[in-house]
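Inside the fold
Letter by letter, the chains look like this.
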Amino acid sequence: MASKKLTWLLILQGWTMLWVVIGHAPLTAPPVDAGWLDISAHQIARALFSFAYSFHMPLFIMISGYLFYRTRIVKGWKYLDMVKEKWIRLGIPYIFFITVAILIKFCMPGEVNRDVDVSPSGLVMNYLEPFNGALQEMWFVAVIFLYFLLYPLYRYLLKSRISMLCTLVVALGLFFHSGW
């Protein structure tokens with residue numbers, strides 16, 4: 001058996017996917033007209049929405065990082081080989097799907113197009129600002145790719161207790177300052 005699957009990780013992945021679905025399900029979104037929806041059901045839906053969004057994407061990203069560690073770092077992959085592999089698996093699909101979304105939305109009238117900016121700088125910003133681009137749903141791909149690219153920085157910052165503490169203090173400062 002070339003690769004052993006980790007049962008606990010597969011279960012965790014499944015639960016994470018379930019919570020992503022619950023977080024995006026229409027019942028958990030704030031209703032426009034909740035006249036037909038009982039107040040207690042609405043409160044349960046909001047609680048599920050809040051619970052799902054409190055952890056589902058960070059957990060998904062942590063699982064990706066753990067798998068990256070188990071499949072690349074432990075096995076001694078060279079950094080440039082990892083970047084090339086991640087570019088093929090994440091970067092190319094990211095560019096492709098955003099390009100397709102820009103083309104489709106440019107041809108669509110009204111709200112569907114999200115007012116896609118087709119100026120040269122606007123087109124570039126669609127790729128560099130995934131939260132504001134033509135395909136906002138791809139934000140997590142850009143974030144994961146960036147995290148993988150920053151691996152050497154993590155390794156440097158986490159090699160001593162002092163640098164770990166300084167990194168933690170700066171991260172907490174950024175976290176609380178930005179209002180995440």
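Scanning the protein chain from N- to C-terminus turns up 7 helices and 0 strands. Mapped from its N terminus to its C terminus, the protein chain presents α and β elements in the order α-α-α-α-α-α-α. When the 180 residues of the protein chain are sorted by exposure, 24% land in the buried category. Of the contacts made within the protein chain by residues no fewer than 6 positions apart, 61% connect residues no fewer than 24 positions apart. When the accessible area of the protein chain is evaluated, it comes to approximately 13,200 Å², of which 72% is carbon and sulfur surface.

Another point: the side chain of His56. Looking at the element boundaries, His56 is found in helix α2 (residues 39–73). Among the polar contacts listed, one links the side chain of His56 to the backbone oxygen of Ala52, at a separation of 2.5 Å. The residues touching His56, leaving out its near neighbours within four places in the chain, are Thr16, Trp19, Val20 and His24.

This part takes up the packing of helix α3 (residues 79–107) against helix α4 (residues 120–128). In contact at an axis separation of 10 Å, α3 and α4 are set at 135° when each is read in the N-to-C sense. Between α3 and α4, the interaxial angle falls into the category oblique. In this structure, α3 meets α4 at a crossing whose hand is right-handed. Across the interface between the two elements, Tyr94, Ile95, Ile98, Thr99 and Ile102 from α3 touch Leu123, Asn126 and Tyr127 from α4. The class makeup of the residues in the contact of α3 with α4 is 6 nonpolar, 2 polar and no charged.

A few words on the pattern of salt bridges. Taken as a whole, this structure holds 3 salt bridges when the rule is applied. Through salt bridges with shared partners, a single ionic network connects Arg72, Glu85, Lys86 and Arg89.

Closest axis-to-axis distance for the α3/helix α5 (residues 139–149) pair is 10 Å, and the angle between their directions is 170°. In this view, α3 runs roughly antiparallel relative to α5, as classed from their interaxial angle. Contacts between α3 and α5 involve Tyr79, Val83, Lys86, Trp87, Leu90 and Tyr94 from the former and Val141, Ala142, Ile144, Phe145, Phe148 and Leu149 from the latter.

Tracing the chain through its elements places Phe51 in helix α2. Classification of Phe51 by relative accessible area gives partly exposed; the value is 43%. Sequence separation between Phe51 and Gly23 is 28 residues, and the spatial gap between their C-alpha atoms is 8.2 Å.

Bringing the nonpolar core into the picture now. One finds Phe68 and Leu90 to be the most contacted residues of the largest nonpolar core, which totals 19 residues. Broken down by element, this core gets its largest block of residues, 6 residues, from α3. When near neighbours in sequence (up to four residues on either side) are disregarded, Leu90 contacts Val141, Ile144, Phe145 and Phe148.

A separate point is the side chain of Thr16. Here Thr16 is to be found in helix α1 (residues 7–24). Under the relative-accessibility criterion, Thr16 is labelled buried at 2%.

On the surface, Leu146, Tyr147, Leu150, Leu153, Tyr154, Tyr156, Leu158 and Met164 cluster together to form a nonpolar patch covering roughly 740 Å² of accessible area. For the nonpolar patch, the secondary-structure elements that each account for two or more residues are α5 and α6 (151–157). No other element matches the 3 residues that α6 contributes to the nonpolar patch. Relative to the elements of secondary structure, Leu146 occurs in helix α5.

For the coordinates displayed, the defined rule picks out 1 cavity of 30 Å³ or more. When its volume is computed, the largest cavity comes out at roughly 40 Å³. Along its surface, the largest cavity is lined by Phe68, Tyr79, Met82, Val83, Lys86, Phe145, Phe148 and Leu149. Listing elements by their share of the lining of the largest cavity, those giving two or more residues are α3 and α5. Sort the elements by how many residues they give to the lining of the largest cavity and α3 lands first, with 4 residues. Broken down by class, the residue content of the lining of the largest cavity amounts to 7 nonpolar, no polar and 1 charged.

So, how was this worked out
- Residues numbered from 1 in each chain as written.
- Predicted model: local features only at pLDDT ≥ 70, side-chain atom pairs only at ≥ 80, totals over all residues.
- Heavy atoms only, no water.
- Helix = DSSP H or I, 4+ residues; strand = E, 2+ residues; numbered from the N terminus.
- Buried < 20%, exposed > 50% of the residue type's maximum accessible area, 1.4 Å probe, protein only.
- Contact = heavy atoms within 4.5 Å.
- Areas by Shrake-Rupley, 256 points an atom, 1.4 Å probe, with all protein chains shown as cover.
- Polar contact = N/O pair within 3.5 Å; in protein donor to acceptor, adjacent residues only side chain to side chain.
- Axes fitted to C-alpha atoms, helices over the stretch in contact; angles between N-to-C directions.
- Parallel < 35°, antiparallel > 145°, perpendicular 65-115°, else oblique.
- Left-handed = near helix turned anticlockwise from the far one by under 90°.
- Nonpolar A, V, L, I, M, F, W, Y, C, P; charged D, E, K, R; others polar.
- Salt bridge = Lys/Arg side-chain N within 4 Å of Asp/Glu carboxyl O.
- Core = buried A, V, L, I, M, F, W, Y, C linked by side-chain atoms within 4.5 Å.
- Patch = residues over 30% accessible without salt bridge, like charges linked within 9 Å, V, L, I, M, F, W, Y side chains within 5 Å.
- 1 Å grid on protein atoms, 1.4 Å probe; cavity = no way out; pocket = protein on both sides within 12 Å on 5 of 7 lines; lining within 4 Å.
- Points joined across faces, edges and corners; volume = space filled by probe spheres on them.

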